[in-house]
Amino acid sequence: MTNISGASSGSSTTRRGRVVGVPMVCWCGAEIVGKISKSDPNPYRRYFRCAFAVSNKLMDDNHVFKWVDEALLNEVDRLSSEAKRLEQMVRESEIVFDGAEYEKMVFDKVLMKVEEEVFQKVESVVSESQRYMKKPMIVGIVVCMIVVGLGNFI
């Protein structure tokens, strides 16, 4: 494959491998520039090219060359797959969130049940203590009345 503007091939290969999407920098570290083809097979077709290769008018080299339309299609495909991955993550997080909501609901029910049981036990202890305290209170009241009655006689 040749990496000149007249080439009809669209795959961009470099020493580092195939460039997917819109190239940002060449393997050599040079920036990527946009150019327009002036060749007969691809007139006015836009392409990305390594700035170093352009400035040195290199042909048939291993520096980045990629047609803009193919780069943009690659980029759309990449973004589409990324969007699908993010949607899946959102769906999974909703499931986790729903699970958390369910756990919170179960926790609230258990908490209410525990509170009811504690309330019932406290009520039973209070009523039992009131029952045990009734006799001593009655005895205390009777003793007070006797003391007051005897105090009036004396």
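Residues numbered from 1 in each chain as written. Predicted model: local features only at pLDDT ≥ 70, side-chain atom pairs only at ≥ 80, totals over all residues. Heavy atoms only, no water.

Looking at an unreviewed UniProt entry, one finds the protein chain named GRF-type domain-containing protein and attributed to Cardamine amara subsp. amara.

Asker: How would you explain the side chain of Ser-39 if you had to name every residue and give the values?
Answerer: Counting through the fold element by element, Ser-39 comes out in the loop between β3 (32–36) and β4 (46–50). On the basis of relative accessibility, which here comes to 15%, the residue Ser-39 falls in the buried class. A polar contact is formed between the side chain of Ser-39 and the side chain of Ser-37, at a distance of 3.0 Å. Within the structure, Ser-39 has its side chain in polar contact with the backbone nitrogen of Asn-42 (distance 3.3 Å). (Helix = DSSP H or I, 4+ residues; strand = E, 2+ residues; numbered from the N terminus. Buried < 20%, exposed > 50% of the residue type's maximum accessible area, 1.4 Å probe, protein only. Polar contact = N/O pair within 3.5 Å; in protein donor to acceptor, adjacent residues only side chain to side chain.)

Asker: So what's going on with unusual backbone geometry? Residues and values would help.
Answerer: The backbone of Tyr-44 shows a phi angle near 60°, a positive value even though the residue is not glycine. Relative to the helices and strands, Tyr-44 resides in the loop between β3 and β4. Take Tyr-44: its relative accessible area is 71%, and that puts it in the exposed class. Look at Lys-57: it is not a glycine, yet its phi comes out positive at around 50°. Its place among the elements puts Lys-57 in the loop between α1 (51–55) and β5 (65–67).

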